[in-house]
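What follows is each chain in one-letter form.
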Amino acid sequence: MIAYTSRTGNVSFVISKLNLPNIEISDGLHLKVPFLLFTYTDGLGDVPARVSFFMKHNHPYCRGVIVSGNSNFGHDVFGMAGDKLAMEYGIPLICKLDLRGFPQDYEKIVQFYHQYVKEVVT
Ligand SMILES: Cc1cc2nc3c(=O)[nH]c(=O)nc-3n(C[C@H](O)[C@H](O)[C@H](O)COP(=O)(O)O)c2cc1C
């Protein structure tokens, strides 16, 4: 599963290219399967509030983070939400995309997913 949030559509666009199971983060979402987190960056290198809240309650099943940012914000804060989450929860930062990123980024995400995020099929 990939749990994602998107404000202006870039993350949603990438999600639509991955062909992987996904769910948009909503208030109160509680996942009990391994997942990757996919978020954008807010403020000046900030984690969106909804994502912070979601991770407080769901981090044990999170296997890694993917982040989208805009490199025009400058190197210091580009995609910084991903760095912060990786540090806080001790999870790998799989990919930092500039806006919608590139097909090579999508391949990397899909590869990581198949290697490390096992779906429980019932
Ligand atoms: C108010 C605002 C603040 C932002 N701050 C940052 C930032 O600090 N660092 C960064 O890399 N991108 C920043 N961005 C860019 C977004 O993270 C980037 O456009 C991302 O692709 C948005 O994903 P979405 O279209 O799925 O919402 C900011 C965008 C907005 C609108």
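In case you missed it, the structure is sitting above this.
Residues numbered from 1 in each chain as written. Predicted model: local features only at pLDDT ≥ 70, side-chain atom pairs only at ≥ 80, totals over all residues. Heavy atoms only, no water.

Asks: Would you take a moment to explain helix α1 (residues 10-18) for this structure?
Replies: The periodicity of an α-helix, 3.6 residues per turn, causes residues three or four positions apart to be oriented the same way. Looking only at α1, the buried set comprises N10, V11, V14, I15 and L18. Here the buried residues of α1 occupy an arc of 140° about the axis, which is enough to place them on one side. Along its buried surface, α1 packs onto β1 (2-4), β2 (22-24), β3 (35-40), β4 (62-69), β5 (93-98) and α4 (103-116). Phi for N19, located one or two positions after α1, is positive at around 55°. (Buried < 20%, exposed > 50% of the residue type's maximum accessible area, 1.4 Å probe, protein only. Helix = DSSP H or I, 4+ residues; strand = E, 2+ residues; numbered from the N terminus. Arc of directions from axis to C-beta. Contact = heavy atoms within 4.5 Å.)

Asks: Explain the nonpolar core to me, please; I cannot follow it from the model alone.
Replies: Across soluble globular proteins, you tend to see nonpolar side chains buried next to one another. Grouped together as the largest cluster of nonpolar side chains are 19 residues, with contacts concentrated most on I2, I15, L18, L36, F38, I66 and L97. Contributions of two or more residues to this core are made by β1, α1, β3, β5 and α4. When near neighbours in sequence (up to four residues on either side) are disregarded, F38 contacts I2, A3, Y4, T5, V11, V14, I15, I66, V67, S68 and L97. L31, F35, M55 and C62 belong to the second-largest nonpolar core, a separate cluster that totals 18 residues. (Core = buried A, V, L, I, M, F, W, Y, C linked by side-chain atoms within 4.5 Å.)

Asks: Hey, could you run me through the pairing of β5 in this one?
Replies: It is a general feature of regular strands that their side chains alternate between the two faces of the sheet. Sheet topology note: the β4/β5 ladder contains 5 bridges and is parallel. Bridge pairing in β5 links V65 to L93. The parallel pair β4 and β5, bridged by helix α3 (residues 80-89), forms a crossover whose chirality is right-handed. (Pairing = 2+ DSSP bridges. Right-handed = clockwise from strand over helix to strand, strands pointing away.)

Asks: How should I be thinking about the side chain of N58 in this particular structure?
Replies: Mapped onto the elements, N58 comes out in helix α2 (residues 49-58). Judged by its relative accessible area of 1%, N58 falls in the buried class. A distance of 3.0 Å separates the side chain of N58 from the backbone oxygen of L29, its partner in a polar contact. (Polar contact = N/O pair within 3.5 Å; in protein donor to acceptor, adjacent residues only side chain to side chain.)

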